[in-house]
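# Structure at a glance
Here is how the chains run, residue by residue.
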Amino acid sequence: MIERTIEQKLNALLKLQSVDSKLDELRRVRGDLPNEVQDLEDEIIGFQTRINNFNNDVHSFESDIESRKHRKKDAEKLIQKYKEQQNNVRNNREFESLSKEVEAEELEMQICDKKIKEAQDKINRKQDDIAKVDKVLVERQKDLDAKKEELNNILAESENDEQKLLKDREKQTKNIEDRLLRSYDKIRDNSINGLAVVMVKRDACGGCFNIVPPQRQADIREKKKIIVCEHCGRILAGVEEVAPVEEKKARGRKIGSTNKKDEVVATVSSFTDIAAADLS
Ligand SMILES: [Zn+2]
């Protein structure tokens with residue numbers, strides 16, 4: 001492998017980090033989308049179940065109405081029959097008895113009418129409910145169709161992006177020696193946000209935001225060795241200049257002092273070696 005300067009190594013690591021961060025984001029976005037579609041599908045199933053339950057209620061009210069109508073017809077027939085029998089009674093007592101039967105059946109008919117009306121009111125209310133839920137269901141179905149299409153597009157698109165990024169990654173890793181790459185992977189695995197290589201921003205580590213002392217920042221600017229954050233262990237690849245005023249101030253400091261030139265770290269075998277090399 002061609003021997004590279006620390007600066008080249010740091011630049012290669014930064015590029016690799018940028019590719020890996022894009023891959024992380026891609027996978028995160030892609031990971032959420034199927035869940036969103038699943039949530040919508042579950043919601044729609046919930047609405048369909050409600051509509052089915054309402055329809056079952058309607059059917060039971062309808063069969064109730066049917067049986068009441070039958071009962072009413074029976075009552076009508078019985079009244080007819082009792083009235084005919086009244087024409088052939090032998091005494092007053094028999095006539096009165098049939099009159100009571102007629103009254104009872106007339107009462108039954110009234111009850112049937114009342115129950116039929118009640119059931120019809122219930123059906124009307126249920127049908128209003130069904131119409132309301134159905135309206136929401138139609139909207140959700142539209143949402144779902146759009147989401148599904150979006151998901152398919154994004155999946156296809158992200159598949160392309162991922163392939164490009166993976167190729168890019170392969171290219172970048174060729175610029176980094178195996179040992180350093182292993183350290184990088186190890187730091188990344190241990191990091192919640194997947195960052196192994198960060199810049200110093202506003203005097204703080206870009207990974208854990210702890211303050212990086214001025215002398216250390218000067219060492220980082222020198223790029224004579226690979227320096228890691230003493231708090232989180234991430235590789236500090238450089239110092240990001242925030243504003244022209246601060247940049248001027250930073251450059252005003254005496255950097256690149258000659259007594260540090262000997263401290264060149266050639267190879268780094270692991271994260272602990274990076275730390276050791278840094279602290280030596
Ligand atoms: Zn840190």
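Residues numbered from 1 in each chain as written. Predicted model: local features only at pLDDT ≥ 70, side-chain atom pairs only at ≥ 80, totals over all residues. Heavy atoms only, no water.

## Here we look at the overall build of the protein chain
When you go through the protein chain residue by residue, the secondary structure sums to six helices and three strands. Taken from N to C terminus, the helices and strands of the protein chain fall in the order α-α-α-β-β-α-β-α-α. In the protein chain, which comprises 280 residues, the share counted as buried stands at 33%. Look at the contacts in the protein chain between residues 6 or more apart in sequence, and 74% of them connect residues 24 or more apart. Put simply, the protein chain shows about 18,000 Å² of open surface, and 49% of that area lies on carbon and sulfur atoms. (Helix = DSSP H or I, 4+ residues; strand = E, 2+ residues; numbered from the N terminus. Buried < 20%, exposed > 50% of the residue type's maximum accessible area, 1.4 Å probe, protein only. Contact = heavy atoms within 4.5 Å. Areas by Shrake-Rupley, 256 points an atom, 1.4 Å probe, with all protein chains shown as cover.)

## Notes on the side chain of Gln217
On the secondary structure map, Gln217 appears in helix α4 (residues 214-222). A polar side-chain atom of Gln217 sits 3.0 Å from a polar atom in the side chain of Asp203. Each residue touching Gln217, except ones within four places of it in the same chain, is listed here: Val200, Asp203, Val212 and Val239. (Polar contact = N/O pair within 3.5 Å; in protein donor to acceptor, adjacent residues only side chain to side chain.)

## Observations regarding the confidence of the model for the protein chain
A residue-level look at the protein chain finds 86% of positions with pLDDT of 70 or above and a mean pLDDT of 87. In this model, residues 252-280 is a region of pLDDT below 50 whose contacts with residues beyond four sequence positions or in other chains number 48 contacts. (pLDDT = per-residue confidence, 0-100.)

## Digging into the coordination of the zinc ion
Around the zinc ion, the protein contributes the donor atoms Cys205 (SG), Cys208 (SG), Cys229 (SG) and Cys232 (SG), which lie 2.2 to 2.3 Å from the metal centre. Considering all four donor atoms around the zinc ion, the spread of angles at the metal, 107 to 113 degrees, places the coordination shape in the tetrahedral class. Each donor residue of the zinc ion belongs to the same chain, with the gaps between them written as C-x2-C-x20-C-x2-C. Since its relative accessible area comes to 23%, Cys208 is described here as partly exposed. (Donors = N, O, S within 2.8 Å, 3.2 Å for Na, K, Ca; no water. Tetrahedral: all angles 85-135°; square planar, octahedral: opposite > 155°, others 65-115°.)

## Regarding the sheet that holds strand β2 (residues 204-205)
In spatial order, the strands read β2-β1-β3; together these three strands make up an open sheet with mixed pairing. Either end of the sheet is taken by a strand with one partner, and the two such strands are β2 and β3 (235-240). Sheet analysis places strand β1 (residues 197-201) next to β2, joined by two bridges and oriented antiparallel. Paired with Val200 across the strands is Cys205, a residue of β2. In this fold helix α1 (residues 6-86) packs onto β1 and β3, with an angle of close to 95 degrees to the strand it touches most, β3. (Pairing = 2+ DSSP bridges. Axes fitted to C-alpha atoms, helices over the stretch in contact; angles between N-to-C directions.)

## Re a negative patch on the surface
Where like charges cluster on the molecular surface, the negative patch consists of Glu139, Asp143, Asp145 and Glu149. By the element assignment, Glu149 lies in helix α2 (residues 92-173). (Patch = residues over 30% accessible without salt bridge, like charges linked within 9 Å, V, L, I, M, F, W, Y side chains within 5 Å. Salt bridge = Lys/Arg side-chain N within 4 Å of Asp/Glu carboxyl O. Lys, Arg positive; Asp, Glu negative; His and termini not counted. Charge placed at Lys NZ, Arg CZ, Asp CG, Glu CD.)

## Examining the side chain of Thr173
Its location among the elements puts Thr173 in helix α2. A relative accessible area of 15% means that Thr173 is categorised as buried. Those residues in contact with Thr173 that lie beyond four places of it in its chain are Leu16 and Leu181.

## A word on the packing of α1 against α2
Between α1 and α2, whose axes approach to 5 Å, the crossing angle comes to 165 degrees. Put simply, α1 runs roughly antiparallel to α2. Here the hand of the crossing between α1 and α2 comes out left-handed. Within the contact of α1 with α2, the residues separate by chemical class into 39 nonpolar, 11 polar and 38 charged. (Parallel < 35°, antiparallel > 145°, perpendicular 65-115°, else oblique. Left-handed = near helix turned anticlockwise from the far one by under 90°. Nonpolar A, V, L, I, M, F, W, Y, C, P; charged D, E, K, R; others polar.)

## Remarks on unusual backbone geometry
Of note, the phi angle at Phe209 is positive, near 65 degrees, even though the residue is not glycine. Positionally, Phe209 belongs in the loop between β2 and α4.

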